[in-house]
Amino acid sequence: MTGLVLEGGGHRGIYTAGVLDVFIENKIMVDGVIGVSAGAIHGASFVAGQVGRSVRYTEKYCNNKDYMSFYSLLKTGDLFNEDFCYRLLPEQLDPFDNIGFEKATIPYYTVCTDVNTGKAVYHQCKSLRGEEMKWLQASASMPLVARNVEIDGQLLLDGGIADSIPVKKFQEMGFEKNIVVLTQEEGYVKKPNKMMHVISMKYKKYPEFVESVKNRHNVYNESTEYLKNLEIAGNALVIRPSQKPMASRLEKDPAKIRLTYELGRRDALNALHEIRVFLNS
């Protein structure tokens, strides 16, 4: 089976949305999808078959204080407003196609980090209605700027803390070959978190979580090295930005968001033949 593994990256992840829209338009199919943070969010629209949805609402609302702002952080405890992003937006402003998602035959998984253990939690979402939408919220809830998300007694945050590129997990689940979409350009090396002192203070009740944040750069860099070996063996195909993306993690400029989305589209289009060969090999 062939899986699709989607890294996060906040608004930089709109690169992934561009890649996935090209996949839909060109009928590129896989056997399963696993997404982290922004990768989980855009991966859901991919499974539902909603071309253009991710870039449309991100461009439209990136400057809206009720969508993402320090106003929202001070008012609610979440930089990305929970009510706006996970209820108002998918239910009314730019509706998510729940029927299309639920009818899809592709299994879809999100990745979160358990705040108590610091370990990754992998969850298959067969629907994103009601409480199931919390799995998307948890996966994309960044430390320091989001409240813990409680699901079934677990306290969860950003999946990227424990497993930013969950290709090993997908292999364990039976997806021997994987297309992996990264949001950092080739040669990127993650460095230690500059906010460790603040994180250690805020999450002092959760030492395992603090340790995971502290070690995140090592885990990430080990994952990219592992990917290189998979590529050499022919078991992975990596799509990454061919140049540094214009959009930052918390980008508020619609023009930069559009440029990053178009970069994803262009890179995917340029890789179409290679993708088809990989899927048929």
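Residues numbered from 1 in each chain as written. Predicted model: local features only at pLDDT ≥ 70, side-chain atom pairs only at ≥ 80, totals over all residues. Heavy atoms only, no water.

Examining the environment of Pro254
Assignment of secondary structure puts Pro254 in helix 11 (residues 254–270). Taking the relative accessible area as the measure of exposure, Pro254 reaches 30% and is therefore partly exposed. Separated by 192 residues in the primary sequence, Pro254 and Cys62 have C-alpha atoms spaced 7.0 Å apart. Leave out the neighbours within four places in its chain, and Pro254 touches Glu59, Cys62 and Asn63. (Helix = DSSP H or I, 4+ residues; strand = E, 2+ residues; numbered from the N terminus. Buried < 20%, exposed > 50% of the residue type's maximum accessible area, 1.4 Å probe, protein only. Contact = heavy atoms within 4.5 Å.)

Side note on the side chain of Gln50
Along the chain, the position of Gln50 falls in the loop between helix 2 (38–48) and helix 3 (53–61). At 2.8 Å, the side chain of Gln50 forms a polar contact with the backbone nitrogen of Asp97. Setting aside residues up to four positions removed in sequence, Gln50 forms contacts with Asp21, Ile24, Ser45, Pro95, Phe96 and Asp97. (Polar contact = N/O pair within 3.5 Å; in protein donor to acceptor, adjacent residues only side chain to side chain.)

Observations concerning empty space enclosed by the protein
Going through the model one piece at a time under the given rule, you end up with 4 cavities of 30 Å³ or more. Here the largest cavity is characterised by a volume of approximately 360 Å³. Residue lining of the largest cavity: 25 residues in total, with Ile41, Tyr57, Tyr67, Tyr86 and Ala140 positioned closest to the centre. Breaking the lining of the largest cavity down by element, the ones donating at least two residues are helix 2, helix 3, helix 5 (82–93) and helix 7 (133–139). Top element by residues in the lining of the largest cavity is helix 2. It accounts for 5 residues. For the lining of the largest cavity, the class distribution of residues is 17 nonpolar, 6 polar and 2 charged. (1 Å grid on protein atoms, 1.4 Å probe; cavity = no way out; pocket = protein on both sides within 12 Å on 5 of 7 lines; lining within 4 Å. Points joined across faces, edges and corners; volume = space filled by probe spheres on them. Nonpolar A, V, L, I, M, F, W, Y, C, P; charged D, E, K, R; others polar.)

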